[in-house]
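Observations on the model geometry
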Amino acid sequence: MAWIVNHAQDEVLCFDTSFLLLVQAVHARCPTVRKWIALCDADKLPADSGIPNLLSYEAWISDQSDRYEWPSFDENAASSMCYTSGTTGKPKAALYSHRSTLLHAYASALPDVMRLSARDSVLPVVPMFHVNAWGIPYSAALTGCKLVFPGPALDGKSVYELIESEGVTFAAGVPTVWQMLLGHLQANDLKFSKLDRTVIGGAACPPAMLRAFKDQYGVQVLHGWGMTEMSPLGTLCTLKNKQLSLPNEAQLSILAKQGRAIFGVDMRIVDGKGQELPWDGKTYGDLLVKGPWVVKEYFQGEGGNPLVEGWFPTGDVATIDADGYLQITDRSKDVIKSGGEWISSIDIENIAVAHPAVAMAACIGVAHPKWDERPIVVVAKKPNTEVTKEELLQFYEGKTAKWQIPDDVVFVEAIPLGATGKILKTRLRKQLKGYVLPTAATTDRSNA
Ligand code: ADP
């Protein structure tokens, strides 16, 4: 937190009072901050907090006029800045303009994107620091829908009760949050009364989750892909007219993809030499994007100019099919290179979480003398369930090529998550330092 405040050179820092302890812990390390603003009434301001220049929000604005004439200024002026989740390294800062934010808000409300309207009650479970809650505070204001915020309680019970009590019709969040929600619904035999659709993104939505929402709860999952550098929306998955008559299974396999580019976003996949690759749904390559809400560089030019001939390199590896549906194979840093072939850690995780006893799974590559890397899957089990390593490896049979089946299963109490709810593979790799592959299994599952 202190690193981000210093990097951004924040001068005024507004915080919810639930974060008081955090502010008390970091304020001394944030010399650029002139004012700390607690979002509360003057009489709720915590006494003896030890934080200098602390003011309540209401006291801070009390002398101001209650009228505001919106000024006319350059649409390219900065409006907000967000940092990436820091899943694979230090967070990186993307600075948005009024123009990029407004265009993104218009585009995200479109019928094949979030389809927001004044009749919706919208719950972004995704926090505001995660790419401005995926732009929802803006697209909600633009359409006039009701906006519901969850506060700090993101456990399945709290989120379910909020959805029901506020008549939420549309929700948005990362898969780990929905995992907790579905766990609560299944354990207590509950149903939603109004929830109609949910955007799932930030990490791959496992097909088993999509199936549970659609088939058990009648909720439409909109699988989305994006990144902080894209404000964040790049693609969202909805069916085309010609796909409406397809059987459920065929529809589900389309809907499990990350979807089609939103108008405004251009995308292409390229090989290692930068040559464009075909949109055939099979050939995978590095994904490049451009558009009015895609950054051209990081804040303060950090890391130099990332663009490749005007295109932003996403760091993701993907396929695109003839209908324009993008499917993320993996992050290029997470893909497992085994015997000259690539194994998608996402595919391996998706199979594991389809097992009824698995709550969360993370697949990582472990160095191997012959094959360079071999996959292992780290698993956290659901409470009161059992599955053995042998049973889980058996579960992979027939669901993926034999040589892609992980060499081992490591059971853990919990999988480390970052602030945005994403699995932190960097931390997992550190935790597993010193781990040795079981040799018998590695020879069994060779690529040969
Ligand atoms: P970080 O890269 O630090 O996690 P972001 O929150 O900006 O920060 O994450 C963007 C990345 O998240 C994308 O480049 C991609 O790797 C991953 N991502 C986002 N949505 C999806 C999705 N639906 N499926 C797979 N990966 C996704």
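Conventions adopted
- Residues numbered from 1 in each chain as written.
- Predicted model: local features only at pLDDT ≥ 70, side-chain atom pairs only at ≥ 80, totals over all residues.
- Heavy atoms only, no water.
- Near = heavy atom within 4 Å.
- Polar contact = N/O pair within 3.5 Å; in protein donor to acceptor, adjacent residues only side chain to side chain.
- Areas by Shrake-Rupley, 256 points an atom, 1.4 Å probe, with all protein chains shown as cover.
- Helix = DSSP H or I, 4+ residues; strand = E, 2+ residues; numbered from the N terminus.
- Nonpolar A, V, L, I, M, F, W, Y, C, P; charged D, E, K, R; others polar.
- Pairing = 2+ DSSP bridges.
- Buried < 20%, exposed > 50% of the residue type's maximum accessible area, 1.4 Å probe, protein only.
- Arc of directions from axis to C-beta.

Turning next to the site of the ligand. The environment of the ligand is made up of 19 residues, and the closest members are Ser85, Thr87, Gly224, Thr228 and Asp316. One of the backbone nitrogen or oxygen atoms of Gly224 is found 2.7 Å away from a nitrogen atom of the ligand. Taking Arg331, its side chain carries an N or O atom lying 2.8 Å from an oxygen atom of the ligand. For the ligand, the accessible surface in isolation is 560 Å², of which the surrounding protein chains cover 95%. Of all elements in the fold, only β10 (220-226) and β15 (312-320) reach the threshold of two or more residues within the shell around the ligand. The element contributing the most residues to the shell around the ligand is β10, with 4 residues. In the shell around the ligand, the residues fall into 4 nonpolar, 12 polar and 3 charged.

Take the sheet that holds strand β7 (residues 146-147) next. Strand order in this open sheet of 11 strands is β7-β6-β8-β9-β10-β11-β12-β16-β15-β14-β13, and the pairing throughout is mixed. In the strand order of this sheet, the two ends are held by β7 and β13 (266-270), each with one partner. Here strand β11 (residues 233-236) runs beside strand β12 (residues 259-261); their pairing, made up of 2 bridges, is antiparallel. For Leu236, the partnering residue across the bridge sits in β12 and is Arg260.

Moving on, we get to helix α4 (residues 98-108). The complete set of buried residues in α4 reads Ser100, Thr101, His104, Ala105, Ala107 and Ser108. One side of α4 carries all its buried residues, which in axial view fall inside an arc of 165 degrees.

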